[in-house]
Structure formats: C-alpha cells, structure tokens
8 protein chains.
Amino acid sequence: MDNYNLDTNREERLGFPEVVYGATKSVDLLKSILGEYQSTGRNALATRVQVEKAESLRRHFPNAEYDVVSQSFVLRANKLEEMDARVGIVSAGSSDLHVVNEAYYTLNFLKIPAKRVNDVGVAGIHRLFDRLEDLKMLKVLIVVAGFEGALPSVMGGLLSQPIIAVPTSVGYGVAAEGIAALNAMLSSCANGITVMNIDNGYGAAIAAYRILMQIDT
Amino acid sequence: MDNYNLDTNREERLGFPEVVYGATKSVDLLKSILGEYQSTGRNALATRVQVEKAESLRRHFPNAEYDVVSQSFVLRANKLEEMDARVGIVSAGSSDLHVVNEAYYTLNFLKIPAKRVNDVGVAGIHRLFDRLEDLKMLKVLIVVAGFEGALPSVMGGLLSQPIIAVPTSVGYGVAAEGIAALNAMLSSCANGITVMNIDNGYGAAIAAYRILMQIDT
Amino acid sequence: MDNYNLDTNREERLGFPEVVYGATKSVDLLKSILGEYQSTGRNALATRVQVEKAESLRRHFPNAEYDVVSQSFVLRANKLEEMDARVGIVSAGSSDLHVVNEAYYTLNFLKIPAKRVNDVGVAGIHRLFDRLEDLKMLKVLIVVAGFEGALPSVMGGLLSQPIIAVPTSVGYGVAAEGIAALNAMLSSCANGITVMNIDNGYGAAIAAYRILMQIDT
Amino acid sequence: MDNYNLDTNREERLGFPEVVYGATKSVDLLKSILGEYQSTGRNALATRVQVEKAESLRRHFPNAEYDVVSQSFVLRANKLEEMDARVGIVSAGSSDLHVVNEAYYTLNFLKIPAKRVNDVGVAGIHRLFDRLEDLKMLKVLIVVAGFEGALPSVMGGLLSQPIIAVPTSVGYGVAAEGIAALNAMLSSCANGITVMNIDNGYGAAIAAYRILMQIDT
Amino acid sequence: MDNYNLDTNREERLGFPEVVYGATKSVDLLKSILGEYQSTGRNALATRVQVEKAESLRRHFPNAEYDVVSQSFVLRANKLEEMDARVGIVSAGSSDLHVVNEAYYTLNFLKIPAKRVNDVGVAGIHRLFDRLEDLKMLKVLIVVAGFEGALPSVMGGLLSQPIIAVPTSVGYGVAAEGIAALNAMLSSCANGITVMNIDNGYGAAIAAYRILMQIDT
Amino acid sequence: MDNYNLDTNREERLGFPEVVYGATKSVDLLKSILGEYQSTGRNALATRVQVEKAESLRRHFPNAEYDVVSQSFVLRANKLEEMDARVGIVSAGSSDLHVVNEAYYTLNFLKIPAKRVNDVGVAGIHRLFDRLEDLKMLKVLIVVAGFEGALPSVMGGLLSQPIIAVPTSVGYGVAAEGIAALNAMLSSCANGITVMNIDNGYGAAIAAYRILMQIDT
Amino acid sequence: MDNYNLDTNREERLGFPEVVYGATKSVDLLKSILGEYQSTGRNALATRVQVEKAESLRRHFPNAEYDVVSQSFVLRANKLEEMDARVGIVSAGSSDLHVVNEAYYTLNFLKIPAKRVNDVGVAGIHRLFDRLEDLKMLKVLIVVAGFEGALPSVMGGLLSQPIIAVPTSVGYGVAAEGIAALNAMLSSCANGITVMNIDNGYGAAIAAYRILMQIDT
Amino acid sequence: MDNYNLDTNREERLGFPEVVYGATKSVDLLKSILGEYQSTGRNALATRVQVEKAESLRRHFPNAEYDVVSQSFVLRANKLEEMDARVGIVSAGSSDLHVVNEAYYTLNFLKIPAKRVNDVGVAGIHRLFDRLEDLKMLKVLIVVAGFEGALPSVMGGLLSQPIIAVPTSVGYGVAAEGIAALNAMLSSCANGITVMNIDNGYGAAIAAYRILMQIDT
C-alpha cells in the first residue's frame, strides 16, 4: 500500500501544480512529499503546517520559508514586486491576517504579485473609501472578513471586478466558527460575489489564478 | 376554564399597554379580546392578523384600520406628523416593508411619530449617504434588513444613536429564514448594536419606546 | 414615504444595470418598477416572478417574455447565437433546469451568449467526458448541481477555467434544501472553485460577467 | 503592508473611542496598538486578553489594570462611585461574572458608573423581587444569563426601562455554547427586549452608552 | 401483508392502552383501527386527526367527540369533575391551547381529572402568583409554553411537585419551530424539570399517568 | 439544448437500469422519458410521482400501475411470489408504509421477490420477537423507521444479515424531518448497520440488489 | 458587590437544598460556598468539579468525598443500603458511567437509596431482559444512554414506571455531542418518557426525588 | 455494581465477536476487559485507543500490536495475504488513512483479507480510472472520503458492487466535522450507496462482513 498518490500531471492538466494540505499529515509524510518535489527541482507549497511541524521540517529543508501567521511552508519563495500587483487581498480586521497571508503566499508560489490592504472593515467604512481608487487598478479582488462578513457586500456595490469573498473563523458567540460570515456572504444583496469555504485563503488564490489565466490567453 | 387572561395592568406597570399577537389566535378569540378593549374606550393593536381573518374582523369593527403589508389591525389609529419624527425606521430593501410597517403602526399606537426611509441597502450604499444628515436628527434608529443583514453594521459605524437591528426572513437559500441576517447582526463588528428576533418589528418599536420613556423622564 | 429607491446609476458604477428580485414584491410594485425602466427605453429583467404574477404582468407588458422554468420575466430579450458562447452552464440533472435558465436569461440580458449542457451528473460520468472538449472552448463555467453536489469537484480537477458552482435545492431528506450540495461545493478538494448561494443562477451570471469585463479590458 | 489601521476618529464620529479586541491579536500587535493610545495620553481598553498575554503586557505597561474574570486590560481605569450608578448589570448566576465584568469595565472606561446585581436567576426568583426597587432607579438595565436565559423575560414584564439582554456560554449539553439562552432571549414573550451576541458584555455596555448619550442631549 | 399490527396487550403490560397517532394515517386506516377498538367495547383515542379527516370519521362513528383545538378524536369520552383534579395543565399563552387540550383529553381517556390554568406566562408573572396556592394542591404539573419557554423554569423554583415541561411550536423567527423553547426547558437552571418533545401534550399526559400509577400503588 | 440525457448504458455498466426520479420533473418531461423506455420494449419505474401527475400519465400509459402510498409509477410490473422472498422490508410503524412500498416496487422492478413485515417498532418489541425466525430466512434486511429510529439498532443485535436502515420523515417536533431517526441510525451501538438518506426506499432497494448480485455470482 | 447569592430557603420552599454547579466556578468561590454550608452543619454537594479543583478542595475539606468518574464532590456522604433501592439507574454502556454516578451521588445526598444496572444497551438486548424482574421492583427509573439513545424507548415499552431518560455525550461523528441521543429520546415512539438535558444526571436525580416526595405524601 | 457487562455470546448470535470501543474507557477498564478475552484464548480488538493509553496497555500485553494511525489495539493480529483480498478499502486522500486502517484492522481481526487503495480522490480523477479494473475483482467496496465526499458517488456510477461509504472528519470550515461529506454521501445521485457514521471505519468493516457471510452461505 502507498499512503499517497501525488497528482503529478496537475500542472499540465490545469495550469497550476498541486499544493500540499499540511494540517492532517504527519511530519514524516510531509518530508516524503516535499522531498519528491525538491528532487525534481520544483517549487512547493504546503499550507496549514502547524508551528511544531514546521520547525521539524525546516531542519530538513533549511532553505524553506515559513509564514507563521498563515502556517504556510514554502520551498523557494518567489521575489515579486507589490507595485505590479494584479490581485488585491482586502481584509476587514487585523485578526483576519492568517487568511490574507495564505492567499498571498499561494499567489506568490504561482508568481502572481498581490497587494494586501488590511483592516478596512465596515465599522469605520471611511478607511475603505480612502483606498477605493487603488483598488480599481486591480484585476481580481479577494475580500476576507470574519464577524458579520459585511465587507464583500459593500465592496460589491462599489467595484466592478470579480470579487472572491472568504469568511474567516474570527469572532465569538454565533460568529465563532465563521458560519455567520459565510452565510452573510452567500446571501449578499450585492451582485455576483463568489464565496469560498471558511478560512480558505488558498482556494481564493487559486480561483483568482483561474481568472488570470483566462485574461492572459 | 378561561382561554385567555389579559394583562390589564401592563400600562400601569410598564408604561405601555398589551398588544395582541394575532397569528395563532382564531377570529372568535380576537373578537373577544379586541371587544374587551373597545368596551373600555381604549385603542388596541393586533399584530400578524392574516388577511382573511382581518376581513372578518373588519365586519365586526367597521372603524378599524388594517395595514395589509404588515398585517397590523388597529382600533382607532392616531394622527401623527412625520415631520416631528423621533424614531427612524430604515430598511435595506423594498421587500422588508412588512417589518417596517409593523414597527411603524406599533409606534403610532404608542403615539410616537416615526419616519420611514426605505431601500437604502449596501448594494448601493450612496443611497444611505444621501440620507445621513436626516438620520442624525432622530433619537432612535430601527434598522431592518434581510439577505446578508449588513446595513446595521454600516450604520453603526456612521451614527451614534441607539440602533435596534431587525433581521427579516427575506431572501432565498441560506438567507431564506432570516438566520443569516440575524447572525450577521449579532456578530457585527460595529459597536453597541442591539438585535431583535427575525421579523419582529413590533418588538423593535417597544424597545424604542422604552428608550424614549427614559429620555422623557 | 417611497417604497422603493432604484439604484439607477449602477450601470455607470459597476458596468451592469440593476435587476429586479421579484419573489417578494407585489404585482403593483413590479409594474411601477418595470414601468420606470420601460419609460426610459431600457431592457429590464425581473427574476423569481411567480407564474400568477407573471400572467398579470404580461397583460401590462404584452411584448415581455417569460421563462416559466426559471420564472424570469424579461422586457425585450436579446437575440444571441449559441455558437459564439463564452460561458458554459453545465447541470448535473434535468431537475436543475430552473437555475440553469435563470443564469442563461441573465446572461442574455447582459448580451453574453451562453451554452447549456444539461444532465451530465456523476452517476453517469461518461456523459461529462463526452462533452469535455466542447467545454474547454469556453471562458467561464457555471456548474449547477443538487443532491450531493459532486459535479463541480470533478470538473475542477479536469478543467482550468474559472468555475462558479451553484448548489440547487433539488433532492429530498438531507439534500432537500440544498445545504448538502452547498457544503460539498464549499468543501471541494478540487482547487479554486467558487460558490454561490443555493439556486442563485442570477448571481452566477453576474459573477461570470464580472470576469468577462476584466477579460475584455 | 500595515497589519492594522486604527479608527482614530471614532470618538469624533460616534462619541466613544475604539476598543481593542484582544482575543486573536498577538502580544506584539497589542503592544503596538496600546502603545499608540498611551503615547497620545489617552485611556485604552483591550477586551478578551488571555491571562498569559496580559502578564506580558503588564510588564510593558506597569500601571495598567487587568480583570482576570473578564480578561479586560485597562490603561488607567477611572474612579467612579457605584452610588451614582446609571446602568444596572444584573446576572442570573455567579458563573456569568465574566460577562458582567466585561460590561462593567467598558462602562468604567466610558466614565459611566454602574451597579452589579449578581446571582438573582429564576430558580430562586424571590432574590430578584428583593432588588426590584433598587433596579427601578437605573436608566438602563443590562441582563446577563446563561442556561435557559429566562431572567430578561421575567424582568421585561416587571420593569419599564430599556433592557439589553446578554446570553452567556454557561451551561452544558444544549446550553453549552449559549445558543439556548440566545434564542430564548430573542423569542421572549416580554416586550421590547433587545439582545446582544453570546458573552458580548462589551457590546452591551456600548449599547447602554448610546442610550445615555441620547438622554444627556 | 398487514399494514398495521395493534399492540393489543399494552394495557396488561404497561397499565394504559394504545392510543392512535392520526396525523399520517389515512381515513380508511383510522376507520379500521378505531373499528377494532369499538368492536371490543373499549374506549379509543386518536390524536392529531386533521379536521377534514375527523369529519369523515364522525360520519362513521356518530357518537365520537372531536376537539378541534387539539385535533383529538375520542370514542366515548369520560365525565370527570375538575374539582377532583390530580394533574394541573398550565400554559404560558392562549396560543398554546392545542397542546393543553391534547394532554387534557388524553388524561380524560385515562380517567384522570385535570385542571387547566391558561395564559399565565412570564411577561405578566403576577398572573402566575395569583394561582400558586391552587397549583400546590395538585400531584403533577404539566407546563406548556412556546416562545422563550421560561414558565417551567420559574415554576420549578416555586413548586415542589414533578414538572413535565412541554415546548410548543408557537412563535416566529427563531422560536417558530419550538426549538428555542425546547432548548430553554432542557437547559433550565431550575432543578429536576423533565421535558417532552415539541407539542407533545399526549406524551406529557402519559408521563403524568406513569407517576400517578406509582402514587396509587 | 436537450433538457435530459438518459444514462442508457447503465444496465450494461452496473447491472441495473436507470430509474426516473419524478418529484421535480414536469408531466411532459416524464412522458418523454417514459416514452423512450416504452418504445424500446423495456420496463420502467418512476419514483415520487405526485398523484395529480400520475393521473395525467396514466391517461397516456393506460397499462401502467401506480402505488399511491409510495407514489411509484411502473410501466409493466412483474408478478413475483412473496414466498420466494430474498429481501425483508421491516417497518416500525404503519406510517412508514410509503418508504416500505417504494423499496418493494423497486425490488419488483428488478425482479427480486420481497416480504413486508410492518408495524413491529420498539414500543411493543414482542411484535418483533414473534417474527424473528421468519426474518432469519432472508438474505438482506431493509429496516424502515421514523420517530426515534431504534428498530435497526435492536435488529442489528439480534440478526446477522446485512441491514440497510432507512429513516423516515414520520413524527413531529424534533422528529418531523427524519433527522432524529437518521442520526440515531448512524450512531447505532449495534455493529455494521448501513444507512440511507431519509425516506430513500428506492436507494435501499438498489443497495440490496448490489448485495444480491454478489451473492449470485 | 457580592459574587454569589445562595438560595438558602430552597429546602423550605421545594423540599430539597441547593446543590453547587462546580464546572465554571473557581476554587476560591467553591471554598467560600461550601464553607458556608459546612459552618451551619449541613451536608453539601458540588457537581462537575474538575479533578485539579477537587484536589485543592480536599486539602481544605479533608473529610469530603470525591467521585472521580462523575466529578461529584460531597461533604459528608450518606450510608445507604442498595437493597432498599427505590430508584433504578440503568445505563446502555460502560462509557455512560459519569452520568450514572452523578445521579447516584445526588440521590445519596438526598438520602434515597438507588441501584445501578450498567451496560445493558440494545446491541445485546438479552442483557436487559435478564434484569427486567429486578427493575419492576423500583418506583422510578433513570435511563442513561449515548450513541443512538434507544434504551429508554425499549424500556418504555416493557415497564410501566416513570422513566427519566438522560442522553449522554458518548459516541463520535453525529453522536459526539449527545444531540443524536437527545433527539431520539424526545422522539420516542414509546409513551410517556420524559427527557433531561445531555449528561444531566443531577437533574434526573432531582426529578426522581420530586416524584418520590409525591409518593410519600 | 459491575461497571461492564460483556456481550459474550455475540459471536454465536451474530457470527462476529464483540469489539471494545476504547475512546472513553479508562486504562484500567480496558485491562480488565481485554484480560477477560485473553484468558479464554481469544483474539481481541480495541478501537480508538489513544496513544498514551496504548502505551500503558502494551506494557501489560507485550505481544499486542498497535496501529497508531487508526488507534487500533490488537491482541494477536492475523497474517493474511493482500492478493486474496475480498474487500477493497478506497480513500480519497492521504489524510483519511486513520479510517482506512480502522476498517483494515477490523477486517484482519475477522480474518478477511483486504486491499487498500489510497489517495484517488476526484480532484485528480484519472488516479481512480487507473485502478478500476483492480477494483472490479473485489466483492465489497468501502469508500472513505472527507472534504466534499464525492468519491463514493463517482464510484457508484462506475462499479456494481455493494459500496459502503464512510465520511471522515477531514477538512476545515464547513467540512471540519465531516457533516458535509456525510450529507453528500447520503444525498448521492448514484444509486444504492449505503453510508456509515463519520470516521466509522470499524462499522464499515462489520457491514462488509455481514455481506460476506451471506455470500459464503
């Protein structure tokens, strides 16, 4: 029995390579999988790698980078300029940063420059209006919010680009698991907002990449 | 056995009289209860009286008024000027009008002038900004929204008055029962927003009245 | 008090005009709103107009078209060729057609030609493989499914375009309200699939349009 | 990228300053944010600061106060007399104290004297009747309860002031997350009770403050 | 195949006979089952018999009685004096009467006299205190409430008898299906309250009967 | 566009032909689909065909049979002897018959004789013990129950055959949608019970057929 | 401010003294409360006292007893003979023992002898039949079960005494929080079963005591 | 009182012996129970034995085997050849291995050879097609998947054997507890798929064994 079965031709088939979901894999399994990528000279990204596991992995892959906020583990990150950003990653609060960064590092892995605009939630909506002209320059917007999840709805009424909304598990009481924000985003009275699973910054980045591939062809 | 037991000293105790919840009462029971009020020369309000039941009741109480949108049945409505409004009732969409009107007719019954501002939801947020100066004049704001329920959060960041948020059962899919809007309002990142049960325009009006009683003493 | 408040500059702001949500509006309100559009020579679309209401409306707007499957009411539909299709609307079962058609008529209203591929669900997956080459020609894919909602996950592993998944309320037992399909789509192990609210064909069409606007600029 | 974006003009806009939500922020982020407040000579309040994080912070801000029950971290608390209390904070059980104190320290931060009346839940309702005359003296009542959440309903039938009900996550089984108490409060047959999110003592205090601002103008 | 299989020796085994659940049975099936009881000279009770079905049945069983409020269909009701009541059936509101009566007619079928005390809910709690001495005379209390379901908790702190709480599906929004009242009753801070399924007046009566059988032996 | 896309080679692929799910299809669509089957001389089964739709269909297919309890519409039913039964379909109550019959007619369509044992639920468990020896003769057991769904758990501890449990939407309050029975069956402490969706008698029959095909090879 | 407010006249009012809910109280608060009881020579019981807290408490109250399975902390337990048992506490599995013991120690505190019958769940129902004659001797039955919660339904069809069902949070998947067992018990097709909150062994004991008080008067 | 009550004649009654559920049992209780098995020379299996408990147990039973992935503790495992496999255990992702192995070790305990096919989920569906011919050789298929749980639906359309679907608690957001996968499997549009509780690999193995016993008689 083999415990895993890499989808090695995904890049040929879909235009982007497989990324490793680290949360439920053991350190040993992660070493084997990342080692396979490294041995063929490719970049690799593992998401949701818990801190202790990342420390073990870095001893094995000394040149890797690790973003502790989003728990992203990267073999050979790219150097990209934010001023060329094609994707905006906008967050409602500073507690949403783990999702922002997961999207950011995934786009980096795909060689897409992105710009992060943090803490512009609706409790002080003037902070969003201050950044509106900047945001109009971008091709795709990833909008990240916990609590009541209102930010994508407000942005959807002000901006015409594709909006990929990502609810976060930030809050307490009825908000604590992210369901309140998720349902608010799905129910948005603003038109044409698409939604990802709770905390799924990685998926939002891939969704943005699928759009960019169509723009570029 | 008596089937009902009016709380006749509520006005002395709390400052506002009992209101009749009509949805699950038979026409006969409503006739008895409203008849008791009428026989003592008092106003009366029955909420959630379905259309067919209201028609029967109007044959019995020919001077009553009935608002079909909110299903409010009123014995002797008051004449109040909107220009003296102390409470604002703001709605996100024109489909929320049944709740707006339930609050409006309850305030009318309590002799409180109120102003309705409809269809200013966040999908076109400029409509709200157009009305902001008007809204600053009011003592209490009732904010009614279905779908994602974002309007109270945005208003809570812009206005300093007490905000009583009322989710509505307007929408479809995950929004259809009003739970998405309810949870969004409870989870609001805006500060100090209070929340009522879904579609509870009546309760919002009483909550506003409790505040006005304190302002007036 | 005005009961409604049209967002007349939405087209200037966002690139697409307002569409009327008909489910909870009265015939009279729909006549007023659609009349406003007609009087300025514009096309108009009302979604979720129940059959009886549509019949009343057609007496008033004799040139309107009505799609009974999706309950879409259109003032002046466009004539578009399917062979120029830019968006694919793929469904798992023939019971999902109400959502397929809501997306189709919305795209038509926005002058986007679309191609419908029906009844290719995973219980007989060869039906999908038969259409794969056709689907690769399109810029955006809207994928509609009820029951277990597996179709977008399978397509996400085979096709590289943006995929907008729409769960439907088709099924019984735990599937009946569409929550099973919605959660399956949000949880997809395929990468970068975005999701709409249950039965929201209209929103999926607008989301596709947002992408096409970026491709076209 | 800036990780946070303080809403510095909130006091001018709304009449009360921003409060820091500490639960999901790192110690370093809290130090930066609180430091900004301190450097401009202002008071500051951080809510939901876990014990270990508070210990680190106190080494940095030696004059700060920390209430371990509610996890409130205060730079320069006010000295207020309870005998001038304008707000009553009433709790059903001694296990609800974390929420009582969060409301109390927030009101203190806003310079509002408040009175706490603990452990008067409906299992021994005579304890409430003993305090009824005292409670009639106050302008606003915050009522905190876990388990079945019945206390606000009983008080709503006995007292005429604004009542802000706060469910707590105290209990086990179906009560454990506070949803049972929340839904009971939202469904109250008593009139005009408003509700906050579970455990949201902070929000209740701000809601009371919004009312007091209207009373004082 | 036989479509049904009466539990004819239940009375010998448990001390009370089988009762027919009418809601999902056809008129024809009810006629067969009730006919079997009648042919052996026994009383019979069918619960939840919808009005139209009851009308058909009464043509077949002309001496039967039917309580339209609780939809109870009785072959040969007993004549019992309320002054000998051993069970109290207490309700919070007049909308709970369908459950009160289902319990009442079931106890009647079991030859237990019961007393109904209606509309004494916590929004006007003095109405309960007026009846407290009467209630102390009874052996078992069935307490019926919808909305927030607080009445059993208050009574549990005031009265020492067995309390069987029955939530009702009365209310709207989060209360509408009775879950809010059910969870409040299960979570009661009052001690030793037992709970039935929503609207299960029949089951409450049997539970009371099980207790009375132990008292009587 | 074709609205449907029959899976015509299912029988070759899986060993059993496609069955038509009738609940959400129009009469016209059902006529087309069933007509295709008829024109090739094959049997056909449509499940969940509502009564009014069945009446229209029978005018078109005069030799068809229709079971009103399970809403099964059959073109050319088979004649099978119950004494050769290989599958037992056991139900807890007579209200579960719609699911029993859906399984029965599906097995008939597949030419598998089945035996129905009705109304042997756990409230009178001796009724089950009376039939135990009969049940031991069968190859597969389909066990159908609503309310608390306990019957499959009890049978799983007494009988060694494959048990396919089917929860039904029979009951009220927390049982009304079948979720209580479903979760009880999934959680069974008896070993190796498999579970179908609520009311899915059709699926249970196919699952039994998959087992019989393995027994027969 | 006093943090707690003992209900010292509960015994006079209801016939049983207050019991302390330990789970959310600090060791210091528990010491104060238990000290008050001890200083007046009374017995005391604290439920849900976590192990570490119990160890601190035992250093303070060296004669106390602690049952680690149910986390019950008792000042001066009673000596009672099981052969005089009036209450049976029956459990489905050996993992339910924490609830069994909570009920047992509460009854002991109330001086009621009780008999525990463990591990007789429906997966091996003959184990229950072996004990049936013993169980018929008891006045009240407390029935404790996790997983599918079927045991009270089976017992309710076999035994005529009052049955107090207690669901436990034992199991995994859909059973893990006890909701599956709770809903199964509430939905029982057996008649007159009453239900407690999940894991509420304490409440079940008080409910049994309320019945015994009526039997004894 | 005995804390447990082994079902020692289960093998005679059902054809397979009792297995011990270890998650909620103490080490001491497990030692007693496993010791009873060992003392009579039988094999024994305890599932869900946490790592620390397993370490204690192995000191007591030095010849036992422990699979850390599935937490299965086995007294005397069998030696079986995979090439004789009668059951296939197929998983969607390498994170599902804990459930795969629980099924595998349970089948081993029952002396059934099984074959594991891992990581063939629908995001790269060609991996499944590569194994299709192998899978057609097996008598029963256990299909294990987390996230959206689509794999059993796809397999159900391609393979004719009995399919026992097991959802896993693998994923995050709406997938995290396994409910999304469970509901998708129950709602499958593929025919005749049966479903187990979340993570219930043990139950799936027993269900497969019940089928094999029928094939073998």
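Parameters and conventions
Residues numbered from 1 in each chain as written. Chains lettered and ligands numbered in written order. Predicted model: local features only at pLDDT ≥ 70, side-chain atom pairs only at ≥ 80, totals over all residues. Heavy atoms only, no water. Helix = DSSP H or I, 4+ residues; strand = E, 2+ residues; numbered from the N terminus. Rg over C-alpha atoms; globule rule 2.2 N^0.38 Å. Buried < 20%, exposed > 50% of the residue type's maximum accessible area, 1.4 Å probe, protein only. Contact = heavy atoms within 4.5 Å. Areas by Shrake-Rupley, 256 points an atom, 1.4 Å probe, with all protein chains shown as cover. Lys, Arg positive; Asp, Glu negative; His and termini not counted. Charge placed at Lys NZ, Arg CZ, Asp CG, Glu CD. Patch = residues over 30% accessible without salt bridge, like charges linked within 9 Å, V, L, I, M, F, W, Y side chains within 5 Å. Salt bridge = Lys/Arg side-chain N within 4 Å of Asp/Glu carboxyl O. Expected span 1.5 Å × (residues − 1). Arc of directions from axis to C-beta. Buried area = accessible area lost by both parts, 1.4 Å probe. Polar contact = N/O pair within 3.5 Å; in protein donor to acceptor, adjacent residues only side chain to side chain. Domains from an automatic or database assignment. Nonpolar A, V, L, I, M, F, W, Y, C, P; charged D, E, K, R; others polar. Least-squares fit on C-alpha atoms with pLDDT ≥ 70 in both. Pairing = 2+ DSSP bridges. Disulfide = S-S within 2.5 Å. Phe/Tyr/Trp six-rings, centres within 6.5 Å; stacked < 30°, edge-to-face > 60°. Lys NZ or Arg CZ within 6 Å of the ring centre and 35° of its normal.

(A) Summary view of the overall build of chain A. Along its length, chain A carries 9 helices and 9 strands. The C-alpha atoms of chain A give 18 Å as radius of gyration, which agrees with the globular expectation for 217 residues (17 Å, within 12%). Referenced to the eigenvectors of the C-alpha coordinate spread, the extents of chain A come out at roughly 50 × 45 × 30 Å. Out of the 217 residues belonging to chain A, those deemed buried represent 69%. Counted over contacts in chain A with a minimum sequence separation of 6, partners at least 24 positions apart contribute 67%. When the accessible surface of chain A is summed, it comes to about 7,000 Å², and 47% of that surface belongs to carbon and sulfur atoms. The positive charge centre, built from 20 side chains, and the negative charge centre, built from 24, are 3 Å apart in chain A.

(B) Main features of a negative patch on the surface. A grouping of Glu177(A), Glu177(D), Glu177(G) and Glu177(H) is seen on the molecular surface, where their side chains present a negatively charged patch. Mapped onto the elements, Glu177(A) comes out in the loop between β8 (163-167) and α8 (179-186).

(C) Local environment of helix α2 (residues 27-39) of chain E. All names here are of chain E. An ideal rise of 1.5 Å per residue puts 18 Å on 13 residues; α2 measures up with 18 Å between its terminal C-alpha atoms. Buried residues of α2: Val 27, Leu 29, Leu 30, Ile 33, Leu 34 and Tyr 37, and no others. What you see down the axis of α2 is that its buried residues fit within an arc of 160°, all on one side. Away from the buried face of α2 by more than 90 degrees, exposed residues Asp 28 and Ser 39 are located.

(D) Quick peek at a nonpolar patch on the surface. A contiguous nonpolar surface patch, about 200 Å² in accessible area, is contributed by Val51(H), Val68(H) and Val69(H). Examined against the element boundaries, Val68(H) turns out to sit in the loop between β3 (65-67) and β4 (72-75).

(E) A look at helix α8 (residues 179-186) of chain G. Most of α8(G) sits out of view: 7 of its 8 residues are buried. Turning to α8(G), its buried residues number three or more, namely Ala180(G), Ala181(G), Leu182(G), Asn183(G), Ala184(G), Met185(G) and Leu186(G).

(F) Structural detail: the interface of chain A and chain C. In this complex, chain A contributes 35 residues to the contact, which on the side of chain C involves 35 residues. Across the chain A/chain C interface, buried area totals approximately 2,900 Å², and carbon plus sulfur atoms make up 52% of it. Contact with chain C buries surface across chain A, with Asn191(A), Arg210(A) and Gln214(A) losing the most and accounting together for 25% of the total. Remark: the boundary between chain A and chain C carries 0 salt bridges. One can count 19 residue pairs in polar contact (both at pLDDT 80 or more) joining chain A with chain C.

(G) Spotlight on the pattern of salt bridges. Applying the stated criterion across every chain yields a total of 71 salt bridges over all chains. The closest approach of N and O atoms between Arg86(B) and Asp216(B), which form a salt bridge, is 2.9 Å. Within this pair, whereas Arg86(B) is found in the loop between β4 (72-75) and β5 (87-91), its partner Asp216(B) is found in helix α9 (residues 201-216), the two being separated by 130 residues in sequence. For Arg86(B), a relative accessible area of 22% translates into the label partly exposed. Note that Arg10(G) is salt-bridged to Asp7(G), the shortest N-O span being 2.8 Å. Judged by its relative accessible area of 5%, Arg10(G) falls in the buried class. Residue Asp7(G) is classed as buried on the basis of its relative accessible area, which comes to 2%.

(H) Quick peek at the domain arrangement of chain A. All names here are of chain A. Assigned domains of chain A: these are domain 1 (10-74) and domain 2 (82-216). On a C-alpha basis, the centres of domain 1 and domain 2 stand 24 Å from each other. Contact with domain 2 buries area across many residues of domain 1, yet Phe 16, Arg 48 and Val 69 alone supply 33% of it, more than any other trio. On inspection of domain 1 and its partner domain 2, the count reaches 1 salt bridge. Linking Arg 48 and Glu 102 is a salt bridge whose minimum nitrogen-to-oxygen distance equals 2.7 Å. Linking domain 1 with domain 2 are 3 residue pairs in polar contact (both at pLDDT 80 or more), by the criterion used here. Those elements giving two or more residues to the side of domain 1 that touches domain 2 turn out to be β2 (44-47) and β4 (72-75). Per-element accounting of the side of domain 1 that touches domain 2 gives the leading share, 3 residues, to β2. Along the lines of polarity and charge, the residues of the side of domain 1 that touches domain 2 split into 8 nonpolar, 5 polar and 3 charged.

(I) Inspection of the relation of the copies chain A and chain C at higher detail. When chain A is brought onto chain C, the operation consists of a screw motion whose angular component is 180° and whose axial shift is 0.0 Å, with 0.0 Å RMSD remaining. In short, the pair behaves as if placed about a two-fold rotation axis.

(J) How the structure looks around the environment of Asn108(H). All names here are of chain H. When you line up the elements, Asn 108 lands in helix α4 (residues 97-109). You can call Asn 108 buried: its relative accessible area is 9%. Once residues lying within four places of it in the same chain are set aside, the contact partners of Asn 108 are Ala 77, Asn 78 and Leu 80.

(K) Spatial organisation of unusual backbone geometry. For Gln71(E), which is not a glycine, the phi torsion comes out positive at approximately 60°. Note on Gln71(E): relative accessible area 24%, which makes it partly exposed. The phi torsion at Lys111(H) lies on the positive side, around 70°, for a residue other than glycine. Mapped onto the elements of the fold, Lys111(H) is located in the loop between α4 and β6 (114-117). Assessed through its relative accessible area of 54%, Lys111(H) is described here as exposed.

(L) Structural detail: the sheet that holds β4(B). Reading across from one edge, β1-β2-β4-β3 (chain B) is the order of the 4 strands in this open sheet, with mixed pairing throughout. Both outer strands of the open sheet, β1 (20-21) and β3 (65-67) of chain B, are each paired with one neighbouring strand and no more.

(M) Structural context of the sheet that holds strand β2 (residues 44-47) of chain F. All names here are of chain F. Pairing is mixed in the open sheet, where 4 strands are placed in the order β1-β2-β4-β3. Each of the sheet's edge strands pairs with one partner strand only, and the pair in question is β1 (20-21) and β3 (65-67). One ladder, built from 2 bridges, connects β1 with β2; its direction is parallel. Opposite Tyr 21, over in β2, you have Thr 47 as the bridge partner.

(N) Representation of the state of the cysteines in the model. Within the structure shown, the criterion is met by 0 disulfides over all chains. As a non-bridged cysteine, Cys189(E) has Cys189(D) as the owner of its nearest cysteine sulfur, 16 Å distant.

(O) Summary view of the interface of chain H and chain C. Contact residues are listed per partner, giving 21 residues for chain H and 21 residues for chain C. Across the interface of chain H and chain C, roughly 1,800 Å² is buried in total on both sides, 74% from carbon and sulfur atoms. Area buried by chain H at its contact with chain C is led by Glu148(H), Ser187(H) and Cys189(H), which between them contribute 29% of it. Taken together, the connections running from chain H to chain C amount to 0 salt bridges. Our count for the contact surface shared by chain H and chain C stands at 4 residue pairs in polar contact (both at pLDDT 80 or more). For the side of chain H that touches chain C, the elements supplying multiple residues, two or more each, are α7 (151-156) and α8 (179-186) of chain H. Considering each element in turn, the side of chain H that touches chain C owes the most residues, 4 residues, to α8(H). Along the lines of polarity and charge, the residues of the side of chain H that touches chain C split into 15 nonpolar, 5 polar and 1 charged.

(P) Quick peek at the side chain of Thr106(G). Its place among the elements puts Thr106(G) in helix α4 (residues 97-109). The contact partners of Thr106(G), leaving out residues within four places of it in the chain, are Leu45(G), Tyr202(G), Ala205(G) and Ile206(G).

(Q) Looking closely at the packing of aromatic side chains. Tallied over the entire structure, the rule returns 57 aromatic pairs over all chains. Ring geometry for Tyr66(B) and Phe73(B): centres 6.3 Å apart, planes at 50°, overall tilted. Of the two residues examined, Tyr66(B) and Phe73(B), each falls in the buried class. Arranged with centres 6.5 Å apart and planes meeting at 70°, the rings of Phe61(F) and Phe73(F) form a pair that is edge-to-face. Here Phe61(F), found in the loop between α3 (51-60) and β3, pairs with Phe73(F), found in strand β4 (residues 72-75); they are 12 residues apart in sequence, far enough to count as distant. Counting every residue linked through ring pairs, the aromatic cluster contains Tyr21(A), Phe147(H) and Tyr172(H). Taking NZ or CZ as reference, Arg116(A) lies 3.6 Å from the ring centre of Tyr104(A), over its face. Stacked on the ring of Tyr172(B), the Lys or Arg Arg48(C) has its end atom at 4.1 Å from the ring centre.

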